[in-house]
Amino acid sequence: MFSPDLVDALGGSDALAKRRRVAAERAVAAGQPSFTEEVWRYTPIDDLDPAQYAFAAPGGTAGPVGLMSGVDDSAAAVVHIANGAVVDVSVRADGVRVDVLGSGADDLIGTVAPEGPDVFGDWNLALASAPVAVSIDPKAVLTAPVVVHVHTDVEGLAWFPRLVVMAGRTSQATVIEHHTGGNTPALICPLTELSVGDGAHLGHVTVQELGDTAWQIANLCADTGRDANLRIGHVAMGGDYARARIGIDMTGRGGHSEIDAVYFGRGTSTLDFRTFQTHVAPHTTSDLLFKGAVDDYARAVYTGLIRIEADASNVVADQTNRNLKLSPNAWAESVPNLEIENSDVQCSHASSIGPVDADQRFYLESRGVPTDVAEALVVRGFFDEVLDALPSEQISASVRQRIDELVSDADFTAAL
Amino acid sequence: MSDNSAHTLRIEGLHASAGDTEILQGVDLEVSSGRVHAVMGPNGSGKSTLAHVVMGRPGYEVTAGSVTLDGVDVLSLAPWERAQAGLFLAMQHPTEVPGVSAAQALAEALALRAGNDSPSAEQLERTRSLLEAEAAAVGLKAELVARPLNVDMSGGEKKRNETVQLAVLQPRIAILDEIDSGLDIDALRACANRIEALTEAGLGVLAITHFTRVLEYLRPDEVHVIVDGRIVDSGGPELAEALEADGYTPYLPEEPDAGVAVSIGGLGSTPAAGTGASAAQDPFADPWADPLDELG
């Protein structure tokens, strides 16, 4: 898809350059994925024409505030990355470090994802032009979030944002990644690594509000230490095709993880989610709740796997995906999976796809609430539980308001 | 909505089906302000269907007849328009609506009634305090009316919650579908007292019930017996007493399995039931089991 020679101009340590070349060769050998592969099923990946995009790192200015209104004001650190280059780094609290290429980020890249997890992950390692590493000191307790803004507004740009979060032992912090874009086509392939140290509590929220011609193929790879607690939030509102593959390896005994996702597809967008809750160590627990709506001609795909490895006894894992179809032309698919190699576990999964619940609508109507208002209330209510679960109250509030605006403008009649 | 003028809900020759099954086969009934009508009948007689059809629940088709409120054709209105016109349905199985509080929903309804597009913060607050006051009147904890509608509530709490909303909305005519099921005696008395006070202020009530028990508290002016989708008898409160003594047997076909209502409801499904059944052994042991409820 891209030339391995692009690696040579990127700078950074020799060791990193060497790893980049290996990754690029692996990616070239893998070639372009196809929807016939299970992990790309239901996706428009065959429409991807890399020749339409040019890899570069021109940089630029910060993007719009969007759903992040007010969040930066009290943040522990704020990083702006635009069009392949770090634009600004501002650290305002003790206990957190931000490193960039050539200044300490190089060795941290690959801590959780030394390769892959797919060809775009390998291209990300090879071509990440503006990697950022956020390190939370052991025992540090950050009361305000670390915010990383990632903006793309150069037409036809292809680039590979990379963020590494190292949460030291027993630290407590929240990192918010904000992806914005202009109304121009671009290919953005972010990869985020979350290393959650023993006993650490880490929250991570992705707020994706790309323009409606952007392609995003994102990877998030996390690893939880002993008694660690990881809460991942994911908000997906934009993009022509926006994919997020989220994988958590629960390698430390006693760890707990949660993934809560909110998505709202409109226009002709395709939102694609692949999740992997991999329980490697015993006494680990994981919860997953994905709730989304598709309106207009939008599509949503959720496929998730709970995998319990042989040594992982006493595991509790849950996976729930619920989809609301708000228009007759919208489409959603939900494929939950379990793969269990240890009998001493408790696993559950559930999924649903359907229009606004007719009984709920009738109940509200029977009180005198007009049909459109009743449906808007039901849709807002549908998201309530997952919004409450996001690991940032500020983001919950702004997304709730955005959904209110979307549903009060929408016309859901005859959605079947 | 309480006002001094009299209002009348008139049901004439109402036929309605769910799927291929005709459930209502010509119901005639008239309920006016300040009057309490009880409609009683065995399981499967069409009681709940009558309530749903009058309120406009999806899943039923009206094949003949009319329903009017003060002369306005109710059947041509959407359910919410029926509610705005002054009808209320207290449901047998109130639906859980995650993430939506009673205050949000009722404030929308009341704002519209007052001619506003959406409730102001002040209207929302006023609705909230009205709900709290009405909750106290029927012994429902204030925190329960604040939570999402009917979510994580017991059967009895849901029924009290219906009464609370009825009292806040103050409709002209209220249909109570098995308001007593799931309620203990104290809660039943509290709800019935509240509804009785509303009838004294002009509310008309159509109480659909299975048991005579509720009628000790919701003293009806008229009692109607519905069997096989038709009103087969009407009278004063004494009719309820007769039903208490004799059950519905006098209204049912003699062969135990001759009618749909009989075979579905389980009444008389054993040959011995006709001889051994008495009012003390209530033949309608499970008020939740109306199988036709599930058809919608």
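Source: prediction; values computed, not measured.

Visitor: Can you walk me through the environment of Y248(B) in this structure?
Guide: Residues and elements named next belong to chain B. As for its placement among the helices and strands, Y248 is situated in the loop between α8 (237-246) and α9 (260-265). A tally of 24 C-beta atoms within 10 Å means that Y248 is categorised as buried. Every residue in contact with Y248, bar those within four places of it in the chain, is listed here: G41, P42, V227 and L243.

Visitor: Is there a simple way to explain the interface of chain A and chain B in this structure?
Guide: Put simply, an interface is often sized by how much accessible area is lost when its parts join up. On the chain B side, the residues contacting the 22 residues of chain A number 25 residues. Contributing elements (two or more residues each) for the side of chain A that touches chain B: α3 (358-365) and α4 (371-389) of chain A. Counting residues per element, the side of chain A that touches chain B draws most heavily on α4(A), which supplies ten residues. Residue composition of the side of chain A that touches chain B, grouped by class: eleven nonpolar, five polar and six charged.

Visitor: What is the right way to read the packing of α4(A) against helix α5 (residues 393-409) of chain A from this model?
Guide: Each packed pair of helices is defined by two parameters, the angle between the axes and the distance between the axes. Residues and elements named next belong to chain A. Where α4 meets α5, the axes come as close as 10 Å, and the angle between the chain directions of the two elements is 165 degrees. What the angle tells us is that α4 and α5 run roughly antiparallel. For the pair α4 and α5, the crossing hand works out as right-handed. Between α4 and α5, the residues in contact are A376, V379, R380, F383, L387 and D388 and S396, V399, R400, I403, D404, V407 and S408, respectively.

Visitor: Any chance you could explain α3(A) here in plain terms?
Guide: Since the α-helix packs 3.6 residues into each turn, any two residues three or four apart lie on the same face. Of all eight residues in α3(A), six are buried, a share of seventy percent or more. By the burial criterion, the buried members of α3(A) are Q360(A), R361(A), F362(A), Y363(A), L364(A) and E365(A). Those residues of α3(A) hidden inside the fold are in contact with α4 of chain A together with α2 (79-85) and α3 (102-113) of chain B.

What counts as what
- Residues numbered from 1 in each chain as written.
- Chains lettered and ligands numbered in written order.
- Predicted model: local features only at pLDDT ≥ 70, side-chain atom pairs only at ≥ 80, totals over all residues.
- Helix = DSSP H or I, 4+ residues; strand = E, 2+ residues; numbered from the N terminus.
- Buried ≥ 20, exposed ≤ 12 C-beta atoms within 10 Å, placed from the backbone.
- Contact = placed C-beta atoms within 7 Å.
- Nonpolar A, V, L, I, M, F, W, Y, C, P; charged D, E, K, R; others polar.
- Axes fitted to C-alpha atoms, helices over the stretch in contact; angles between N-to-C directions.
- Parallel < 35°, antiparallel > 145°, perpendicular 65-115°, else oblique.
- Left-handed = near helix turned anticlockwise from the far one by under 90°.

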